[in-house]
Amino acid sequence: MKLLIPGGAGYIGSHMVRYAQEHGHEVVVLDDFSTGHDWAVRDCEILNVNLLDHYKLSQLLKGRQFDGVIHFAAKSLVGESVKKPAMYYRNNVIGTLNLVNEMLNNDINTLVFSSTAAIFGHPVTDKIAEDHPKNPINPYGQSKLMVENMLQDICLANDFNATCLRYFNAAGAHESGEIGEAHDPETHLIPNILKAALSNESNLKVFGVDYSTPDGTCVRDYVHVSDLAQAHLLGFEYMQKYRGFSAFNLGNGDGFSVFDVIKAAEKVVGKSIKYEISPKRDGDPSVLVADSLRAVSMLGWVPSFKNLASIIKSASNWHKNFEDAKV
Ligand SMILES: NC(=O)c1ccc[n+]([C@@H]2O[C@H](COP(=O)([O-])OP(=O)(O)OC[C@H]3O[C@@H](n4cnc5c(N)ncnc54)[C@H](O)[C@@H]3O)[C@@H](O)[C@H]2O)c1
């Protein structure tokens with residue numbers, strides 16, 4: 001397949017690019033490099049454009065043919081979205097609408113969209129399946145739900161197919177150790193734990209130890225980026241059989257507390273990791289764990305990183321290489 005990958009220079013997108021290339025697909029990356037990195041992509045054409053630049057986008061995509069689009073391009077910091085909601089709705093909703101318009105203009109009718117567990121808000125069941133109520137509690141989650149709803153309507157009215165993949169906590173890095181998670185600021189737990197381990201400073205914060213969980217810290221479901229990438233390609237096979245709109249939750253189905261993750265990371269790096277306790281952050285649900293049975297049964301998704309240690313180990317290799325490269 002020839003795939004257009006908006007957001008392909010970002011964390012998950014760059015792993016998707018590698019995975020697609022390793023599976024014999026041709027890739028064109030579209031990115032404005034607002035949070036992406038040029039070192040994260042290689043051996044492909046790069047369209048440097050912001051999805052909000054409708055004119056340039058339309059010029060760049062005019063007459064181009066792709067078998068499908070995998071759309072990662074978004075802003076995704078929950079806290080920032082609370083402070084700057086208009087920016088989030090503009091970038092994530094209008095940016096996606098511009099992209100879909102150009103797809104329709106150029107008869108490209110198959111899209112896999114990066115959605116998120118944040119569309120569900122506070123869980124009302126132990127594990128979150130696709131039919132869980134959708135009540136996002138921040139503008140980031142709201143912007144993603146708005147896109148899902150928009151795609152559903154566009155699929156109904158056109159010969160258009162969209163698969164929304166709702167990731168829980170993406171983690172880990174490519175087995176080569178060449179690409180990995182490098183957000184700035186970094187808000188995700190595993191990279192922050194590994195950075196603390198490498199720097200020996202106690203700048204790791206544990207937000208809240210009085211949640212109603214066994215050890216008082218938040219419980220999350222960590223899923224490896226390469227397993228996410230696998231699900232995206234399966235999404236295209238699925239859409240050949242089942243046309244129109246569909247959505248799948250992607251997680252490992254196991255919850256790990258912040259302290260579980262710190263302990264697992266200590267085993268991987270072979271030393272103790274310092275942290276400090278901070279107050280809870282607003283709007284952090286105590287437990288978020290996916291029910292991904294639908295992805296397993298309908299997409300044929302077989303995640304290979306089922307165990308937390310293997311996810312952390314891959315991330316640790318990357319962080320070590322990344323820190324060494326800075327020296
Ligand atoms: N990281 C996670 O745990 C997680 C969980 C659930 C969902 N997601 C979703 O997955 C996607 C990728 O997340 P990530 O962690 O790789 O983020 P990221 O910030 O590393 O990647 C996003 C990429 O999109 C690009 N981009 C953003 N806005 C753009 C625009 N208007 N025009 C062109 N390019 C633009 C950025 O430069 C970057 O390369 C996002 O849509 C995010 O909402 C991520």
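Residues numbered from 1 in each chain as written. Predicted model: local features only at pLDDT ≥ 70, side-chain atom pairs only at ≥ 80, totals over all residues. Heavy atoms only, no water.

## Considerations on helix H8 (residues 258-269)
- In a regular helix each residue adds 1.5 Å, so twelve residues correspond to 16 Å; H8 covers 16 Å between its end C-alpha atoms and thus fits that length.
- Along H8, the residues that are buried comprise Val-258, Phe-259, Val-261, Ile-262, Ala-264 and Ala-265.
- One or two positions beyond H8, positive phi appears at Gly-270, with a value near 75°. (Helix = DSSP H or I, 4+ residues; strand = E, 2+ residues; numbered from the N terminus. Expected span 1.5 Å × (residues − 1). Buried < 20%, exposed > 50% of the residue type's maximum accessible area, 1.4 Å probe, protein only.)

## Some remarks on the state of the cysteines
- One pass over the full model with this rule turns up zero disulfides.
- Between Cys-164, a cysteine without a disulfide, and Cys-155, which holds the nearest cysteine sulfur, the sulfur-to-sulfur distance is 7.9 Å. (Disulfide = S-S within 2.5 Å.)

## Some details on the packing of helix H1 (residues 11-22) against helix H7 (residues 225-241)
- It is the contact of H1 with H7, at a shortest axis distance of 9 Å, that shows an interaxial angle of 65°. Of the two possible hands of crossing, H1 and H7 adopt the one that is right-handed. The residues of H7 that touch H1, namely those facing Tyr-11, Ile-12, His-15, Met-16 and Tyr-19, are Val-225, Ser-226, Leu-228, Ala-229, Gln-230, His-232 and Leu-233.
- Across the contact of H1 with H7, the residue classes break down as eight nonpolar, four polar and no charged. (Axes fitted to C-alpha atoms, helices over the stretch in contact; angles between N-to-C directions. Left-handed = near helix turned anticlockwise from the far one by under 90°. Contact = heavy atoms within 4.5 Å. Nonpolar A, V, L, I, M, F, W, Y, C, P; charged D, E, K, R; others polar.)

## Things to note about the layout of surface pockets
- Here the second largest pocket defines a volume of roughly 160 Å³.
- In terms of lining, the second largest pocket is formed by 13 residues, of which the most central are Ala-182, His-183, Asp-184, Lys-195 and Phe-322.
- Of all the secondary-structure elements, those providing two or more residues to the lining of the second largest pocket are helix H6 (189-199) and helix H10 (308-326).
- Top element by residues in the lining of the second largest pocket is H10. It accounts for four residues.
- Across the lining of the second largest pocket, the residue classes tally to four nonpolar, three polar and six charged. (1 Å grid on protein atoms, 1.4 Å probe; cavity = no way out; pocket = protein on both sides within 12 Å on 5 of 7 lines; lining within 4 Å. Points joined across faces, edges and corners; volume = space filled by probe spheres on them.)

## Some details on the sheet that holds strand S12 (residues 256-257)
- Across the sheet, which stays open at both edges, the three strands sit in the order S12-S9-S14 with mixed pairing between neighbours. Among the strands making up the open sheet, the edge pair consists of S12 and strand S14 (287-288).
- The pairing of strand S9 (residues 219-220) with S12 spans two bridges and is antiparallel. Its bridge partner being in S12, Val-219 is matched across the sheet by Ser-257. (Pairing = 2+ DSSP bridges.)

## Some points on the pattern of salt bridges
- All told, the structure shown has ten salt bridges when counted by the stated rule.
- One salt bridge connects Arg-42 with Glu-178, and the closest N-O pair in it is separated by 2.9 Å. Taken together, the residues span a long stretch of sequence, with Arg-42 in the loop between strand S2 (26-31) and strand S3 (45-48) and Glu-178 in the loop between strand S7 (169-171) and H6 at a distance of 136 residues.
- Accessibility expressed as a relative area gives 41% for Arg-42, which makes it partly exposed.
- Among the residues examined, Glu-178 registers a relative accessible area of 39% and is labelled partly exposed.
- In this structure, Arg-220 and Asp-284 form a salt bridge, with 3.8 Å as the shortest nitrogen-oxygen distance. Placement of Arg-220 in strand S9 and of Asp-284 in the loop between strand S13 (276-278) and S14 is noted, with a sequence separation of 64 residues between them. For the pair shown, Arg-220 and Asp-284 are each scored as buried.
- Residues joined in a network through salt bridges with shared partners are Arg-18, Arg-42, Asp-43 and Glu-178. (Salt bridge = Lys/Arg side-chain N within 4 Å of Asp/Glu carboxyl O.)

## Some thoughts on H7
- Over its 17 residues, H7 extends 25 Å from the first C-alpha to the last, a length consistent with the 24 Å expected when each residue adds 1.5 Å.
- Counting buried residues along H7, 14 of its 17 residues qualify, which places the element largely inside the surrounding structure.

## Quick notes on the domain arrangement of the chain
- For the chain, the assigned domains read domain 1 (2-171 + 221-250) and domain 2 (189-220 + 253-291 + 305-326).
- It is Asp-221, Tyr-222 and His-224 in domain 1 that bury the most area against domain 2; as a group they hold 40% of the surface buried on that side.
- Summed over the shared surface of domain 1 and domain 2, the result is zero salt bridges.
- The tally of links from domain 1 across to domain 2 stands at eight residue pairs in polar contact (both at pLDDT 80 or more).
- Where the side of domain 1 that touches domain 2 is concerned, the elements lending two or more residues are S7, strand S10 (222-224), H7 and strand S11 (245-250).
- Ranked by residue count, the leading element in the side of domain 1 that touches domain 2 is S10, at three residues.
- For the side of domain 1 that touches domain 2, a count of residues per class yields ten nonpolar, six polar and five charged. (Domains from an automatic or database assignment. Buried area = accessible area lost by both parts, 1.4 Å probe. Polar contact = N/O pair within 3.5 Å; in protein donor to acceptor, adjacent residues only side chain to side chain.)

## Section: the pairing of S2
- Of all six residues in S2, five are buried; the element is thus mostly enclosed.
- Inspection of the sheet shows strand S1 (residues 2-6) paired to S2 by five bridges, in the parallel sense. Looking across to S2, one finds that Ile-5 is bridged to Val-29.
- Viewed along the sheet, the connection from S1 through H1 into S2 turns out right-handed.
- Pairing of S2 with S3, which is carried by four bridges, proceeds in the parallel orientation. When the sheet's bridge partners are listed, Asp-31 is paired in S3 with Asn-48. (Right-handed = clockwise from strand over helix to strand, strands pointing away.)

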